[in-house]
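# A look at the structure
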Amino acid sequence: MAPPLEAFWKQWQSLWGGLSPSRRAALIMVTLLMLGGFALLVVWGGRPSYRPLFSNLGEEEAAAIVERLRERKVQYRIGNGGRSVEVPQEQLYELRLALATEGLPIGGGVGFELFDRNSFGATEFVQRVNLQRALQGELARTIKQFPQVAQARVHLSVPERSLFVREPQRPQATVVLQLHPGANLQQSQLQGIVHLVSSSVQSMQPRDVHVVDTTGKVLYSPLDGQEAEMASGRILERQAEMERRLEAKILGILEPVMGPQKVVARVHVDLDPRQVEQTEEQYDPDKAAVRSEQRSTERSSGNSGGVGGVPGVMSNLQEAKPQASSQSSSVYQRENETVNYEVNRLTRRTVAAAGELRRITVAVLVDGIKQAAAGSEGKETVMPRPAEELKQYEEIVKQAVGFNAQRGDVVQVASVPFERVKEAQDEGGGIPQVIERWSSAPMVRHGVVLVLGALFLLGVVRPFARGVVTALQSRPKMLPAELPRTLGEIEAMSHAAKSAPSGQLPANTNAPLPAEVVQMAEMDPQRFAAALKAWMKQGD
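Positions within a chain are numbered from 1, following the residues in the order the chain's sequence is written. Two thresholds apply to this predicted model, a pLDDT of at least 70 for residue-level local features and 80 or more for giving and counting side-chain atom pairs, whereas whole-chain, interface and lining totals are computed over all residues. To get the side-chain values, take all heavy atoms of the structure and skip hydrogens and water.

### Concerning the overall build of the protein chain
Helix and strand assignments follow DSSP, with helices taken as H or I runs no shorter than four residues and strands as E runs no shorter than two, numbered in order from the N terminus. The helix and strand tally for the protein chain stands at 13 helices and 16 strands. Here, two residues are considered to be in contact whenever any of their heavy atoms come within 4.5 Å of each other. Considering only intrachain contacts with a sequence separation of at least 6, the fraction spanning at least 24 residues in the protein chain is 69%. Carbon and sulfur atoms form 55% of the exposed surface of the protein chain, whose accessible area is close to 38,900 Å². Computed with the Shrake-Rupley method and a 1.4 Å probe, the accessible areas treat only the protein chains shown as cover for residues.

### Some points on the sheet that holds strand β7 (residues 218-220)
The strands that make up a sheet are held in pairs by hydrogen bonds between backbone atoms, and each pair lies either parallel or antiparallel. Paired strands, in this sense, are two strands between which DSSP finds at least two bridges. Across the sheet, which stays open at both edges, the four strands sit in the order β4-β5-β6-β7 with mixed pairing between neighbours. Two strands bound the open sheet, and with one partner strand each, they are β4 (149-157) and β7. The sheet shows a mean angle of 25 degrees between the axes of neighbouring strands, direction not considered. Of the pairings in the sheet, the one linking β4 to strand β5 (residues 172-179) comprises eight bridges and is antiparallel in character. Axis lines are fitted through C-alpha atoms, for helices just across the contact stretch, and the angle between N-to-C directions can take any value from 0 to 180 degrees.

### Side note on the pattern of salt bridges
Just to be clear on terms, a salt bridge is a Lys or Arg side-chain nitrogen sitting within 4 Å of an Asp or Glu carboxyl oxygen. One pass over the structure, following the stated rule, counts 14 salt bridges. Of the charged contacts, one joins Arg295 and Glu293 as a salt bridge, the two residues approaching to 2.7 Å between their closest N and O atoms. A 1.4 Å probe rolled over the protein chains alone gives each residue an accessible area, and that area as a share of the maximum for its type sets the label: buried under 20%, exposed over 50%, partly exposed in between. Residue classification places Glu293 among the partly exposed positions, given a relative accessible area of 47%. The shortest N-O distance in the salt bridge between Arg295 and Glu337 comes to 2.9 Å. Here Arg295 is found in strand β9 (residues 276-300), whereas its partner Glu337 is found in strand β12 (residues 332-352), with 42 residues between them in sequence. Judged by its relative accessible area of 48%, Glu337 falls in the partly exposed class. Connected through salt bridges with shared partners, the residues Asp270, Asp272 and Arg358 form a single ionic network.

### Notes on the confidence of the model for the protein chain
For every residue, the pLDDT score states the predictor's confidence, bounded by 0 at the bottom and 100 at the top. Predicted confidence across the protein chain gives a mean pLDDT of 75, with 69% of residues reaching 70 or more. Under a pLDDT of 50 for its full length, residues 423-429 has, in the predicted model, four contacts with residues more than four places off or in other chains.

### Notes on the sheet that holds strand β16 (residues 410-415)
In spatial order, the strands read β8-β13-β16; together these three strands make up an open sheet with mixed pairing. A single partner strand is all that each edge strand has here, and the edge strands are β8 (263-272) and β16. Taken over all neighbouring pairs, the strand axes of this sheet differ in orientation by 10 degrees on average, direction set aside. For β8 and strand β13 (residues 356-366), the ladder comprises ten bridges, and the chain directions are antiparallel. Looking at the pairing, Val264 lines up with Leu365 of β13. Those strands touched by helix α8 (residues 387-401) are β13 and β16, and its axis lies near 145 degrees from that of β16.

### Regarding helix α6 (residues 187-200)
A helix is expected to span 1.5 Å multiplied by its residue count minus one. Between its first and last C-alpha, α6 extends 20 Å over 14 residues, near the 20 Å set by a 1.5 Å rise per residue. Restricting attention to buried positions, one finds in α6 the residues Gln187, Gln189, Leu190, Ile193, Val194, Val197 and Ser198.

### Quick notes on the side chain of Glu247
Among the structural elements, Glu247 can be located in helix α7 (residues 226-258). Here Asp and Glu are counted as negative and Lys and Arg as positive; His is not counted, and neither are the chain ends. At 4.5 Å, Arg266 is the nearest oppositely charged side chain to Glu247, a buried residue that forms no salt bridge. Within the structure, Glu247 has its side chain in polar contact with the backbone nitrogen of Val267 (distance 3.2 Å). Apart from residues lying up to four places away in sequence, Glu247 is in contact with Ala265, Arg266 and Val267. For the purposes of these results, a polar contact is taken to be a pair of N or O atoms within 3.5 Å, where, inside protein, one atom must be able to donate a hydrogen and its partner to accept one; residues adjacent in sequence count only when each atom of the pair is a side-chain atom.

### Some points on helix α5 (residues 124-143)
When the terminal C-alpha atoms of α5 are compared, their 29 Å separation across 20 residues agrees well with the 28 Å that a helix rising 1.5 Å per residue should span. Summarising the contacts, the buried residues of α5 are in contact with β4, β5 and α6.

### Here's the deal with unusual backbone geometry
Of note in this structure, Lys73 is not a glycine but carries a positive phi near 60 degrees. Relative to the helices and strands, Lys73 is located in the loop between α3 (59-71) and β2 (77-79). Unlike most non-glycine residues, Ser203 shows phi in positive territory, near 65 degrees. Along the chain, Ser203 falls in the loop between α6 and β6 (209-213).

### Looking at the packing of aromatic side chains
Pairing of aromatic rings covers Phe, Tyr and Trp, the last counted by its six-membered ring, and requires centre-to-centre distances within 6.5 Å; plane angles under 30 degrees mean stacked, over 60 mean edge-to-face, and any other angle means tilted. The tally for this structure, following the rule as stated, stands at zero aromatic pairs. Just above the ring of Phe403 sits the side chain of Lys398; from NZ or CZ to the centre is 4.7 Å. Geometrically, a lysine NZ or arginine CZ counts as sitting over a ring once it is within 6 Å of the ring centre and also within 35 degrees of the ring normal.

### Here's the deal with a nonpolar patch on the surface
On the surface, a cluster of nonpolar side chains totalling about 300 Å² of accessible area is made up of Val448, Val451, Leu452 and Leu455. Looking at the secondary structure, you find Val451 in helix α10 (residues 442-474). A patch consists of residues whose relative accessible area exceeds 30% and which take part in no salt bridge; residues with like charges are grouped when within 9 Å of each other, and nonpolar side chains (Val, Leu, Ile, Met, Phe, Trp, Tyr) when within 5 Å.

### Concerning the packing of α5 against α6
Relative to each other, α5 and α6 sit at 155 degrees, their axes nearing to 11 Å. Classed by the angle they form, the pair α5 and α6 counts as roughly antiparallel. At the point where α5 passes α6, the crossing takes the right-handed sense. Within the contact between the two elements, α5 uses Leu135, Leu139, Thr142 and Ile143 and α6 uses Ile193, Leu196, Val197 and Ser200. Note that Gly is not counted as nonpolar here; it falls among the polar residues with everything else outside the nonpolar set of Ala, Val, Leu, Ile, Met, Phe, Trp, Tyr, Cys and Pro and the charged set of Asp, Glu, Lys and Arg. Here the contact of α5 with α6 is composed, by residue class, of six nonpolar, two polar and no charged. Roughly parallel here means an angle under 35 degrees, roughly antiparallel means over 145, roughly perpendicular means 65 to 115, and every remaining angle is called oblique. The hand of a helix crossing depends on one turn: near helix anticlockwise from the far one by less than a right angle means left-handed, and clockwise means right-handed.

### Considerations on the nonpolar core
What is meant by a nonpolar core is a set of buried Ala, Val, Leu, Ile, Met, Phe, Trp, Tyr and Cys residues, joined one to another through side-chain atoms within 4.5 Å. Residues Ile143, Leu156, Val175, Leu177, Val197, Val209 and Val211 are the most contacted members of the largest nonpolar core, which totals 22 residues. Those elements that provide at least two residues to this core are α5, β4, β5, α6, β6 and β7. Listed in part, the 21 residues of the second largest apolar core include Ala265, Leu271, Ile360 and Leu390.

### Topic: the environment of Arg72
On the secondary structure map, Arg72 appears in the loop between α3 and β2. Note: C-alpha distance between Arg72 and Leu95 (23 residues apart in sequence) is 9.7 Å. Every residue in contact with Arg72, bar those within four places of it in the chain, is listed here: Leu95, Ala98 and Glu102.

### Concerning the side chain of Glu86
Tracing the backbone through its elements, the reader meets Glu86 in strand β3 (residues 84-88). For Glu86, a relative accessible area of 18% gives the class buried. Discounting chain neighbours no more than four positions away, the residues touching Glu86 are Tyr50, Arg51, Pro52, Leu53, Gln75, Tyr76 and Arg77.

Structure (structure tokens):
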């Protein structure tokens, strides 16, 4: 072993021998813990940061993506029960583009890309089935664009056309939706889905489309009464929207005055779900008008000669004698007049749409006023607000919501002390989620490694090195290479030290003095024990 290393090893042995057993155990434990923690941080800091490549995947889609990643020899991690695939962040966007060129993920089934590969041996039946599959896949992809929809499937039943059928059957469609937890589709969105499907298939009507969810609940059905149910749903949505809008108005007026979290407003709007149609006719007999008038007059007067003679052929012959003609006088007169009168009539037809506002009920709670408690310093009590102030707030609320006494509206404002409850729930989803989110950031990981490494150097290495240096400085000079072998040599060295002039040292500066014998025994017990045995033998 080299001399410097041998000297350092001897110093380390002497320092280690001067420590008590408890300190030795503590030093070993702390060193192992810090080394293990530092190694763990180095491994953890070098671990790649994973990001979701695709989420909400089906089993087939996830299997196809994992197979492509294995072919590319890319590290991946499966999460969310096999519905998401995560890859290192450095390769995220490159892999997305590469998989997109291969048509992954499929996203709700195959679409019209099914016809990208030409098949010369496909029959007409196969082409028709492929067209139906492509249409179903494209519709499912479009429906999945709704933010509330996690998965969607579309089933089409398209009857085959025939020239020998008088009344052809209409195609039917069923849409199966899997919604996100806590999400709901409004009636207007359901109608949009129904019209989307019905408009995409020839000869399909909205009444031919059914919508259900994965729990078996019917979301839309064209059965009898469905229109009334949807109208009722629209009224409820309108009612909720009006209530939210009025509550926001009240809070927008009172919170700037009282402060945030000191006003609670609840509004109930009563809407009439009925659709009323009223027809009214009014007649006014005093305001009659001539509708039509018709007049006819006939008059006949004077004499008219009649035809006379003997009837027969003889009266027409030339030889026949003329007969005297008979004369008569007649007068004829006839008048006819028709007048039609129309009675004044007013017809009024009124149609009241469903959802007419019938009544508004408003309840407002305001926090009390803080006052110093009597006889106690630093304590506050909350007292109700004065009645005059509440009356003023009530008038303001009435103006804000459009109060109408004839309609039966009610507005009530009350002052009660609010409970000061601190929410302990973490918005980020709890401490484990926060740690997971922060630990996934590369900058945070590297920063933690640097901080802990610095703490290790400052808390372990630096005090240990300082202790070693202090021990080396406080220990006596280096022991002589050869200890005195006999008692005579010790006495001679002691006599030489005493007889030496003041301020001078003996010639052998490395020779130990008798007072140093104890220190030599502590610093090098083995050598001192061998020398002591030799002295004892010499003494005998």
